[in-house]
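Examination of the molecular architecture
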Amino acid sequence: MPATVVTSRPDAPWLPPGGRADVVLDPDGAPPAPTGLVRLLLRSGDDVFCVPRDGGTGRLDLPTCVVPDHDDGRTAALGLARAVLGRDVVPTMVGYVRNEVLLPGAASGNYPWPAPVCHFTVWQATGTPHLPGTWLPTDAASPLADRHWWPLLAAPSRLAVTS
């Protein structure tokens, strides 16, 4: 399956002015670089496993890990899956959010990611998490519906993975 742009958001509010965010479904593709963050998607029926976000906001999100060297995120995804599932598992990439930024740095208000392009990948695996967390629904009323990666769950060839 070729990479498919599920949605594109010009002037996304989380980006500097003139930036664009594309959500790309790419389950058969190679992970893109540079990658800023990896997220782990675990499903149980129509629910997904979430943990509190870093920063103390209390908001729930998919388990997430920073990619310190901004490579393609494979090593970070493996480490995240191991940390969440408590065992070695090889996650597979679902897709990514590609941020394109025209004016990084001072003009952008301290945009912290590589520019002009940075990716934020979503990986999936199967298993039962050994960390505390919350299973949240993926219906239209889900509290996750505002997440940048959310359109990957609604993509036409959504991959069903259950634990």
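So, a few notes on the structure that sits alongside this text.

Here is what the cut-offs are and how they apply
Residues numbered from 1 in each chain as written. Predicted model: local features only at pLDDT ≥ 70, side-chain atom pairs only at ≥ 80, totals over all residues. Heavy atoms only, no water. Helix = DSSP H or I, 4+ residues; strand = E, 2+ residues; numbered from the N terminus. Salt bridge = Lys/Arg side-chain N within 4 Å of Asp/Glu carboxyl O. Buried < 20%, exposed > 50% of the residue type's maximum accessible area, 1.4 Å probe, protein only. Phe/Tyr/Trp six-rings, centres within 6.5 Å; stacked < 30°, edge-to-face > 60°. Core = buried A, V, L, I, M, F, W, Y, C linked by side-chain atoms within 4.5 Å. Contact = heavy atoms within 4.5 Å. Expected span 1.5 Å × (residues − 1). Arc of directions from axis to C-beta.

Backbone torsion omega between A33 and P34 reads 0°, so that peptide bond is classified as cis. Mapped onto the elements, P34 comes out in the loop between strand 2 (20-25) and strand 3 (35-41). Cis geometry marks the peptide bond from A115 to P116, where omega comes out at 15°. Structurally, P116 is set in the loop between strand 8 (92-100) and strand 9 (117-124). Phi at D11 takes a positive value of approximately 55°, unusual for a residue other than glycine. Mapped onto the secondary structure, D11 falls in the loop between strand 1 (4-10) and strand 2.

With that out of the way, let us pick up the pattern of salt bridges. Within the structure shown, the criterion is met by 11 salt bridges. Linking D22 and R20 is a salt bridge whose minimum nitrogen-to-oxygen distance equals 2.9 Å. Judged by relative accessible area, R20 falls into the partly exposed class, the value being 30%. The shortest N-O distance in the salt bridge between D61 and R39 comes to 3.4 Å. Taken together, the residues span a long stretch of sequence, with D61 in strand 6 (residues 60-61) and R39 in strand 3 at a distance of 22 residues.

The next point concerns the packing of aromatic side chains. To describe a pair of aromatic rings, you give the distance between the ring centres and the angle between the ring planes. Applying the stated criterion across every chain yields a total of 3 aromatic pairs. Both rings, one in W113 and one in F120, keep their centres 5.2 Å apart while their planes meet at 85°; by these two values the pair is edge-to-face. When its relative accessible area of 23% is taken as the criterion, W113 is described as partly exposed. Note on F120: relative accessible area 11%, which makes it buried. Ring plane angle 50° and centroid distance 6.2 Å describe the contact between W149 and W150, whose orientation is recorded as tilted. Here W149 matches W150 in class, with each residue buried.

All right, on to the nonpolar core then. Core analysis: the largest hydrophobic core is formed by 23 residues, its most contacted members being L41, L62, V122, L144, W149 and L152. Within the residue set of this core, elements represented by two or more residues are strand 2, strand 3, strand 5 (47-52), strand 8, strand 9 and helix 2 (151-154). Among all residues touching V122, those that are not within four sequence positions of it are R39, L41, L62, T92, M93, V94, G95, W149 and L152. Residues V24, V38, A77 and Y96 belong to the second largest nonpolar core, which totals 18 residues.

All right, on to the environment of T92 then. Structurally, the position occupied by T92 is in strand 8. C-alpha of T92 to C-alpha of G29: the two residues are 63 residues apart in sequence and 9.8 Å apart in space. Beyond its immediate stretch of four places on either side in the chain, T92 contacts V122, W123 and Q124.

Position of D26 relative to the elements: it lies in the loop between strand 2 and strand 3. Apart from the residues within four sequence positions on either side, D26 is in contact with M1, P2, A3, M93, V94, G95 and Y96.

Its place among the elements puts D72 in the loop between strand 7 (64-66) and helix 1 (74-85). Here D72 is in contact with P31, P32, A33, T35 and W123, once residues within four sequence places are set aside.

Here we take up helix 1. An ideal rise of 1.5 Å per residue puts 16 Å on 12 residues; helix 1 measures up with 16 Å between its terminal C-alpha atoms. Within helix 1 the residues assigned to the buried category are A76, A77, L80, A81, V84 and L85. Taken end-on, helix 1 shows its buried residues confined to a sector of 145°, consistent with a single buried face. Elements that come into contact with the buried residues of helix 1 comprise strand 3, strand 5, strand 7 and strand 9. Just beyond helix 1, the residue with positive phi is G86, at close to 75°.

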